[in-house]
Amino acid sequence: MSQQQQQQQQQQRAVPGPTGEPAGPDAKRRPATVAEIKAMSHPLRVRILRLCGDHELTNKQLADRLGEDAGTVYYHVRQLVAAGFLEAADVRSGESGALEKPYRSTRKSWWLSMPVEGVASGAGLAPVDAFQQELAEAGPASIAAYARFSLHLSAEDVAELDRRIVAVIDEYVETDRERSHLPAHGGIFLLHRAVE
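This is a predicted model, so every value here is computed, not measured.

Q: What's the story with the packing of helix H4 (residues 43-54) against helix H6 (residues 70-82) in this structure? I'm lost.
A: When two helices pack together, their arrangement is captured by the angle between the axes and the distance separating the axes. Packing of H4 against H6 brings their axes to within 10 Å, and their N-to-C directions diverge by 75°. Judged by the inter-axis angle, H4 sits roughly perpendicular to H6. Across the interface between the two elements, Leu44, Arg45, Ile48 and Leu49 from H4 touch Thr72, Val73, Tyr75, His76, Val77, Gln79 and Leu80 from H6. Looking at the contact of H4 with H6, its residues break down into seven nonpolar, three polar and one charged.

Q: Looking at this model, I keep getting lost on the pattern of salt bridges. Mind explaining?
A: Opposite charge on two side chains permits pairing when their charged atoms draw close. All chains considered together, the criterion is met by 14 salt bridges. Glu100 serves as the salt-bridge partner of Arg92, at 2.9 Å between the closest nitrogen and oxygen. Here Arg92 falls in the partly exposed class, since its relative accessible area comes to 24%. In this structure Glu100 comes out as partly exposed when scored by relative accessible area, which is 22%. Among the ionic pairs, Arg163 bridges to Glu160, the shortest N-O distance being 2.9 Å. Pair noted here: Arg163 and Glu160 are both in helix H9 (residues 155-174), with a separation of three residues, about one helical turn.

About the thresholds
Residues numbered from 1 in each chain as written. Predicted model: local features only at pLDDT ≥ 70, side-chain atom pairs only at ≥ 80, totals over all residues. Heavy atoms only, no water. Axes fitted to C-alpha atoms, helices over the stretch in contact; angles between N-to-C directions. Helix = DSSP H or I, 4+ residues; strand = E, 2+ residues; numbered from the N terminus. Parallel < 35°, antiparallel > 145°, perpendicular 65-115°, else oblique. Contact = heavy atoms within 4.5 Å. Nonpolar A, V, L, I, M, F, W, Y, C, P; charged D, E, K, R; others polar. Salt bridge = Lys/Arg side-chain N within 4 Å of Asp/Glu carboxyl O. Buried < 20%, exposed > 50% of the residue type's maximum accessible area, 1.4 Å probe, protein only.

By themselves, these are just geometric observations and shouldn't be taken as functional.
Listed below in structure tokens is the structure:
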């Protein structure tokens, strides 16, 4: 997808602003850089981002929660910090009194447009893989809602459906901090071309 096509898609996705006109593409979403795309290309990094969006967590806490080696988690945390997806939170005292260095999400990942080409080549499936891992871990009883569907859509229909669904999700993302005391829910919107 060319830069111009990405900008047009962003304009179509833009949520209406105060005047009722779509907000400019830079007001909501921008194309991800190569470094940002690379940082989001591993399911473990996607899971770390989600966990650090809910809580400020240390490398050790992340490793324990994800069942991974602390060195592996540290490597992925450093990649996310370098790309601007995580930032260091204030140093704190842990349970044993030792100082801990937690990380928190900058929440910028939602506001990036990731190119569909990465998904088409297989490199962009990390969010799908992370979602499957999280759902498997949470179990079937964790499912709050779902919709399975098959639709016949033109390219324009796909763009409009995407724009409308993302606009609704944007509203919830923008006000999520107001509901941080409520249970966290994960989800994914994925539309794929069915095999005939």
